[in-house]
There are 2 protein chains.
Amino acid sequence: MEEKFKLENQLCFRLYTASRLITQAYHPLLGEHGLTYPQYLVLLVLWEKDAQPVNDIAKRLVLETNTVTPLLKRMEAEGIVTRSKGKEDARQMIVRLTKKGHDLQKKLTDVPETVGNAVICKSVTPETVPGLFGMLDDIIKQLKQ
Amino acid sequence: MEEKFKLENQLCFRLYTASRLITQAYHPLLGEHGLTYPQYLVLLVLWEKDAQPVNDIAKRLVLETNTVTPLLKRMEAEGIVTRSKGKEDARQMIVRLTKKGHDLQKKLTDVPETVGNAVICKSVTPETVPGLFGMLDDIIKQLKQ
DNA sequence: TATATTTGCATCGTGAACGATATAAATAAC
DNA sequence: GTTATTTATATCGTTCACGATGCAAATATA
């Protein structure tokens, strides 16, 4: 009755805490450029492939449109992206990088390495990261069913 | 310039997604009893040791009091906990389980195993979980500096 | 013992997450 | 070709997270 309820035995609590703490590590680096972490994720998606509908971005980030839409509106207000109705399908909103959004990639060039270095520790090294990635990917795949 | 910005190379995105998806797995089980996942975490802390000040709960969950206070107030409104000024230190708010809060433990007895089973997959098994825990604990310890 | 500092908690504002619901456009069924 | 259904996105309400700030009690310092 006791052991299973111990915080120390909870996978979710560890993921939740680790996720929040890494996001906090991003905060000063991104905040300098007026970005939040979820907004940075949107940029990662658009830097890989510009001009995507809301749904493709949401799917990629494993989020719902009711989370992504307000986020994109804030980014539009900041002049980082534009949102415009799709030509062939008028239901779609196509999201495109502005010059400002595109140029942010150069300004944020050091972010991945900086955060990566902050996370390096005893059991998390370039050698062990692939194993960790594999387990997390399995969990994600499993829960997306 | 490209590779480091790929979503597939981001540890944080994996943690963020895995965390959200497991929390979603808890949702129907906890929602049945009017609980959210962070509220469940508070219960885990109080079931281990009742009558703790806000600060101890917050520290245990690696959260700030400005997150925990409103959360506890909602739990108080639900009749799950009580909050009362500390006797020896009047600044402290001591949080105690009500009978309802205490009894929830029995009602939620199947939750850990149900969620645990939902997460079991190829690379995440009772054998590999300790290794995963170790890496996450290291990351958390590292980032808490 | 006054004053300064620290500590514990709360308030406020903003930005996610997300379930539930709504709306319009596209597609399927009849 | 209507009607029904699905699809893409948006709106709404609630609950976190969290930085910034405020306040009162406790402690340290002068």
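Whatever comes next refers back to the structure up there.
Cut-off values and rules
- Residues numbered from 1 in each chain as written.
- Chains lettered and ligands numbered in written order.
- Predicted model: local features only at pLDDT ≥ 70, side-chain atom pairs only at ≥ 80, totals over all residues.
- Heavy atoms only, no water.
- Helix = DSSP H or I, 4+ residues; strand = E, 2+ residues; numbered from the N terminus.
- Buried < 20%, exposed > 50% of the residue type's maximum accessible area, 1.4 Å probe, protein only.
- Contact = heavy atoms within 4.5 Å.
- Near = heavy atom within 4 Å.
- Polar contact = N/O pair within 3.5 Å; in protein donor to acceptor, adjacent residues only side chain to side chain.
- Nonpolar A, V, L, I, M, F, W, Y, C, P; charged D, E, K, R; others polar.
- Core = buried A, V, L, I, M, F, W, Y, C linked by side-chain atoms within 4.5 Å.
- Buried area = accessible area lost by both parts, 1.4 Å probe.
- Salt bridge = Lys/Arg side-chain N within 4 Å of Asp/Glu carboxyl O.
- Arc of directions from axis to C-beta.
- Phe/Tyr/Trp six-rings, centres within 6.5 Å; stacked < 30°, edge-to-face > 60°.
- Lys NZ or Arg CZ within 6 Å of the ring centre and 35° of its normal.

Attention now moves to the overall build of chain A. A tally of helices and strands in chain A yields seven helices and three strands. Element order for chain A, N to C, with α for helix and β for strand: α-α-β-α-α-β-β-α-α-α. Sorting the 145 residues of chain A into buried and exposed places 47% on the buried side. Counting only contacts in chain A whose residues sit at least 6 apart along the sequence, the fraction spanning at least 24 positions is 47%.

This part is about the protein's contact with DNA strand D. As a structural note, the neighbourhood of DNA strand D is formed by 26 residues, with Tyr16, Arg20, Asn55, Thr69 and Arg83 of chain A the closest of them. Of what DNA strand D places within 4 Å of the protein, 72% of the atoms are sugar or phosphate. For DNA strand D, a phosphate oxygen lies 2.5 Å from a polar atom in the side chain of Arg83 of chain A. Within the side chain of Arg91 of chain B, an N or O atom sits 3.5 Å from a sugar or linking oxygen of DNA strand D. For the surface near DNA strand D, a count of residues per class yields seven nonpolar, eleven polar and eight charged.

Glancing now at the protein's contact with DNA strand C. Residue and element names in this part refer to chain B. Taken together, 27 residues surround DNA strand C, and among them Tyr16, Arg20, Asn55, Thr69 and Arg83 come closest. The separation between a phosphate oxygen of DNA strand C and a polar side-chain atom of Tyr16 is 2.5 Å. Contact distances for DNA strand C include 2.6 Å between a phosphate oxygen and a backbone N or O atom of Asn55. Here the residues of the surface near DNA strand C sort into eight nonpolar, eleven polar and eight charged.

Of all hydrophobic cores here, the largest spans 100 residues; its most connected members are Ile22 and Tyr40 of chain A together with Ile22 and Tyr40 of chain B. The residues contacting Ile22 of chain B, other than those within four sequence positions of it, are Leu11, Cys12, Leu15, Ile139 and Leu143 of chain A together with Val115 and Val119 of chain B.

It is worth spelling out the interface of chain A and chain B at this point. Across the contact, 59 residues belong to chain A and 59 residues belong to chain B. Interface area, chain A with chain B, both sides summed: about 6100 Å², of which 69% is carbon and sulfur. If you look at where chain A meets chain B, you find six salt bridges. For Arg14 of chain A, the salt bridge is made with Asp137 of chain B, and the minimal N-O distance between the two is 2.7 Å. Every element with two or more residues in the side of chain A that touches chain B is listed here: helix H1 (11-31), helix H2 (37-48), helix H3 (54-61), helix H5 (99-107), helix H6 (111-119) and helix H7 (129-144) of chain A. Of all the elements, H1 of chain A adds the most residues to the side of chain A that touches chain B, at 15 residues. Class assignment for the residues of the side of chain A that touches chain B results in 36 nonpolar, eleven polar and twelve charged.

We now examine H6 of chain A. Listed as buried for H6 of chain A are Val111, Pro112, Val115 and Val119 of chain A. Axial view of H6 of chain A: buried residues confined to an arc of 95°, hence all on one face. At its buried positions, H6 of chain A is contacted by H1 and H2 of chain A together with helix H1 (11-31) and helix H7 (129-144) of chain B.

Under the criterion given, the structure shown has 13 aromatic pairs over all chains. Ring geometry for Tyr37 of chain A against Tyr40 of chain A: centres 6.2 Å apart, planes inclined by 40°, an arrangement best described as tilted. Of this pair, Tyr37 of chain A and Tyr40 of chain A both sit in helix H2, three residues apart, which is roughly one turn of the helix. Judged by its relative accessible area of 5%, Tyr37 of chain A falls in the buried class. The class for Tyr40 of chain A is buried, based on a relative accessible area of 0%. Put simply, the rings of Tyr26, Tyr37, Tyr40 and Trp47 of chain A together with Phe5, Phe13 and Tyr16 of chain B pair up and form one aromatic cluster. The ring of Phe133 of chain B carries the charged tip of Arg14 of chain A above its face, separated from the ring centre by 3.8 Å. When the ring centre of Tyr16 of chain B is taken as reference, the NZ or CZ atom of Arg20 of chain B above it lies at 4.9 Å.

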